[in-house]
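# Observations on the three-dimensional arrangement
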Amino acid sequence: MTVAIKSFENVKISSGKFKANPYPFYAYMRESQPLYRTKYIDGRPVWLVARYDDVLRLLKDDRLVKNRHNALLQKQPSKFEVPMPAVFRAMERNMLDLDPPDHTRLRGLVHKAFTPQLVEKMRQQVQELADQLVDSMVRKGQADIMADYALPIPLTIISEILGIPAHDQHKFHNWTTRIVSVQSPSQMIFVIPALLSFARYMRALLEQRRTDPQDDLLTALVQAEEAGDKLSADELLAMAFLLVTAGHETTVNLIGNGTLALLENPDQLERLRQEPALIKPAIEEFVRYYSPVEIATERFASEDMTIAGVDIHKGDMVMGVIASANRDETQFPNADRLDISREPNRHLGFGQGMHYCVGAPLARLEAQVAFQTLINRLPDLRLAVKRDDIRWRSTFVIRGMESMPVHF
């Protein structure tokens, strides 16, 4: 079925209204405009890639680099030149924004902390936390799944892995939420206080770990030697920011979006309740069906190239739409249907290639425990508001709800 182009004029990809149901637009893109030209949050033009095969190639293509300086960009118009405070530049030293060999070195330092074997040892800790949160929700008689359940699980666990004191964990969530919510250059000034607060706090905490080592990941990073090379001060700060943010932001929305998907599909909810062994394929399906990372982070063409028959010029910004690729009918039969037993399920929700999500094993474990606990302990779980009244966050890359009130 062809969708009229006029239905998608003036689409604002990052708006909460668009996030409520982006899938008709993505279906139009895949059918009629697999490369869609729009503007990024800073006003720069960006190509959005829609089809599964093209997004998969994009994620693996080493001609599309993460560090924009490696793309040897031509001089951009002055309206895109936004003065960047030093603390913002320091944050660019994280592995998500770097290419080899820097990316390889930094990833090697954290990868060993997130192996499936080490992550599995955390299962009991995650289970105890989930039970405590459900106990609290039951005492209140109602809850916001996002604030009362989906957020505390990954935020608590990643904070403990890093070594962030429990009484400071919500500070970190507030800081990172404000920082990643930037939607335009003009808004950057409003997040500088949060960024400076984060940087001051983290630099002090890292210095503590240098003089008083603990059994946590921050200490390991401070002491790390990889091929005889320690992390610089900026790399430590950027790595901490990335791990705190990526360590809870995506899993929060995996739990929230997956819960919504189950409540919208009661047959699948009941099936999962009756067949708990399906929890692992169910998690993969939640990642595919309501992808928490909707659009892969930016890449830059280091040379002229062609994607889906469209010429991409050196320096162009390109972003793969994960949520669109994960609904591509050429890869997923009945792609718009939630099927918790879907096999195979080669979704791209955790990325592909060298930037594949290092925390995927932890996200999977947290989600498994979170959903099993909800299903087992809250058999009458239901939305407390109409589906259309749910408020979605205004972001470019992430898709998640601001809140999700429920009864049980």
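One structure accompanies this document, and this report is about it.

The rules behind each value
- Residues numbered from 1 in each chain as written.
- Predicted model: local features only at pLDDT ≥ 70, side-chain atom pairs only at ≥ 80, totals over all residues.
- Heavy atoms only, no water.
- Phe/Tyr/Trp six-rings, centres within 6.5 Å; stacked < 30°, edge-to-face > 60°.
- Helix = DSSP H or I, 4+ residues; strand = E, 2+ residues; numbered from the N terminus.
- Buried < 20%, exposed > 50% of the residue type's maximum accessible area, 1.4 Å probe, protein only.
- Lys NZ or Arg CZ within 6 Å of the ring centre and 35° of its normal.
- Core = buried A, V, L, I, M, F, W, Y, C linked by side-chain atoms within 4.5 Å.
- Contact = heavy atoms within 4.5 Å.

Within a pair of aromatic rings, the relevant descriptors are the distance that separates the centres and the angle that separates the planes. For the structure shown, the criterion picks out 15 aromatic pairs. Taking 6.1 Å as the distance between ring centres and 40° as the angle between the ring planes, the aromatic pair formed by Phe25 and Tyr28 counts as tilted. Pair noted here: Phe25 and Tyr28 are both in helix 2 (residues 23–32), with a separation of three residues, about one helical turn. Both residues of the pair, Phe25 and Tyr28, count as buried. Centroid distance Phe25 to Tyr36: 5.0 Å. Interplanar angle 85°. Geometry classified as edge-to-face. Taken as a pair, Phe25 in helix 2 and Tyr36 in strand 1 (residues 35–39) lie far apart in primary sequence, eleven residues in all. The pair formed by Phe25 and Tyr36 is uniform in burial state, with each residue classed as buried. Members of the aromatic cluster, each reached through a chain of ring pairs, are Phe18, Tyr23, Phe25, Tyr26, Tyr28, Tyr36, Tyr289 and Tyr290. For Arg327, the ring lying beneath its charged end belongs to Tyr289, and the centroid distance is 4.3 Å.

For the rest of this paragraph, the subject is the nonpolar core. Ranked by internal contacts, the top residues of the largest apolar core, which has 112 residues, are Leu48, Tyr149 and Phe286. Of all the elements, helix 13 (residues 233–264) adds the most residues to this core, at 13 residues. Residues Trp47, Val55, Ala296 and Leu348 belong to the second largest nonpolar core, which totals 19 residues.

It is worth spelling out helix 15 (residues 279–289) at this point. In terms of burial, helix 15 is a largely internal element, ten of the eleven residues being buried. Restricting attention to buried positions, one finds in helix 15 the residues Ile279, Pro281, Ala282, Ile283, Glu284, Glu285, Phe286, Val287, Arg288 and Tyr289. Tucked inside the fold, the buried residues of helix 15 contact helix 2, helix 13, helix 14 (266–274) and helix 17 (360–377).

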